[in-house]
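What follows is the residue order along each chain.
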Amino acid sequence: KNEVEQSPQNLTAQEGEFITINCSYSVGISALHWLQQHPGGGIVSLFMLSSGKKKHGRLIATINIQEKHSSLHITASHPRDSAVYICAVRSRSSQGGSEKLVFGKGTKLTVNP
Amino acid sequence: NAGVMQNPRHLVRRRGQEARLRCSPMKGHSHVYWYRQLPEEGLKFMVYLQKENIIDESGMPKERFSAEFPKEGPSILRIQQVVRGDSAAYFCASSPQMGSRRETQYFGPGTRLLVL
């Protein structure tokens, strides 16, 4: 079982729909990141959060530390939101060493006009 | 303020050749991370470096892979005697400093390595 699980793997929506992408993790973390990877491959950091909720434009990220779960919401989705959304947690491995990012496999979102 | 720069963006090598991937962090950033994204797989941590120091290389394959971040110049990820399984996208990220867990990482555009 992966330390970071995302659902769904693929998501197709119509323009204007409300989108939710979920992320569950099984390790102790100091922070959780949501990243966006465009079809061209570039990666952009959307949010970093360790508690509560953050909002940026039409994007909202929430985290529940007790339940080890985070959600990324997109309101009024648009075709330009089509991308892969990646959840990553900052965690220290059981083998020691530095804290490092552990990534989910990503959710591929397609928003149709 | 330029972002994280990686070059080349695309690299084609034949089996047995060497691949050198370069990463210039954002100005003022002294921490560099390398990640690998295999086809249809998620990103995986490879190595974490500060200037002239390897802090954590627990994600690096034991053989053929090495990384450095010299006092001057970019960070280099070096793959010797490449094999087809090394074909992947290699991303570099940088952050300003350790000490604060709130530091976010800024990603470069990646280098797509294709081994023929």
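Q: Where do I start with the overall build of chain A in this structure?
A: Along its length, chain A carries 0 helices and 11 strands. Starting at the N terminus, the α and β elements of chain A follow one another as β-β-β-β-β-β-β-β-β-β-β. Here the C-alpha atoms of chain A give a radius of gyration of 14 Å, agreeing with the 13 Å that 2.2 N^0.38 yields for 113 residues. When its C-alpha atoms are laid out on the principal axes, chain A stretches across 45 × 30 × 25 Å. Across chain A, contacts joining residues at least 24 apart in sequence account for 54% of those joining residues at least 6 apart. If you sum the accessible surface of chain A, you get close to 5400 Å²; carbon and sulfur atoms cover 49% of it. Counting 12 positive and 7 negative side-chain charges, chain A places the averaged centre of each group 6 Å from the other.

Q: Please explain the packing of aromatic side chains as it appears in this structure.
A: We describe a pair of aromatic rings using the distance from one ring centre to the other and the angle between the two ring planes. A full pass over the atoms with the stated rule returns 5 aromatic pairs over all chains. A ring pair is formed by Phe103(A) and Tyr35(B), whose centres lie 5.1 Å apart and whose planes are at 85 degrees; its orientation type is edge-to-face. Remark: Tyr35(B) occurs in strand E4 (residues 31–37) and Phe103(A) occurs in strand E10 (residues 99–103); the pair is interchain, linking two chains. Pair check on accessibility: Phe103(A) and Tyr35(B) agree, each one buried. Taking the centre distance of 6.2 Å and the plane angle of 70 degrees together, the rings of Tyr35(B) and Phe45(B) count as edge-to-face.

Q: Can you help me understand the state of the cysteines in this one?
A: What makes a disulfide is a covalent bond joining the sulfur atoms belonging to two cysteines. All names here are of chain A. All chains considered together, the criterion is met by 2 disulfides over all chains. Disulfide partner of cysteine 23: cysteine 87, at an S-S distance of 2.0 Å. Taking the sign of the S-S torsion, -60 degrees for the link of cysteine 23 and cysteine 87, the bridge is left-handed. Residue cysteine 23 is found in strand E3 (residues 19–25), and its partner cysteine 87 is found in strand E9 (residues 83–92); the two are separated by 64 residues along the sequence.

Q: What should I look at first to understand the sheet that holds strand E8 (residues 69–74) of chain A in this one?
A: Strand pairing in a sheet is mediated by backbone hydrogen bonds. Such pairs are either parallel or antiparallel. All names here are of chain A. The strand order across the open sheet built from 5 strands is E1-E3-E8-E7-E6, with neighbouring strands paired in antiparallel fashion. The open sheet terminates on both sides in strands that have one partner only, identified here as strand E1 (4–7) and strand E6 (52–56). Adjacent strand axes in the sheet meet at a mean angle of 15 degrees, parallel and antiparallel pairs treated alike. In this sheet, strand E7 (residues 59–64) lies alongside E6 in antiparallel orientation, the contact comprising 5 bridges. Bridge pairing links lysine 53 to threonine 62 in E7.

About the thresholds
Residues numbered from 1 in each chain as written. Chains lettered and ligands numbered in written order. Predicted model: local features only at pLDDT ≥ 70, side-chain atom pairs only at ≥ 80, totals over all residues. Heavy atoms only, no water. Helix = DSSP H or I, 4+ residues; strand = E, 2+ residues; numbered from the N terminus. Rg over C-alpha atoms; globule rule 2.2 N^0.38 Å. Contact = heavy atoms within 4.5 Å. Areas by Shrake-Rupley, 256 points an atom, 1.4 Å probe, with all protein chains shown as cover. Lys, Arg positive; Asp, Glu negative; His and termini not counted. Charge placed at Lys NZ, Arg CZ, Asp CG, Glu CD. Phe/Tyr/Trp six-rings, centres within 6.5 Å; stacked < 30°, edge-to-face > 60°. Buried < 20%, exposed > 50% of the residue type's maximum accessible area, 1.4 Å probe, protein only. Disulfide = S-S within 2.5 Å. Pairing = 2+ DSSP bridges. Axes fitted to C-alpha atoms, helices over the stretch in contact; angles between N-to-C directions.

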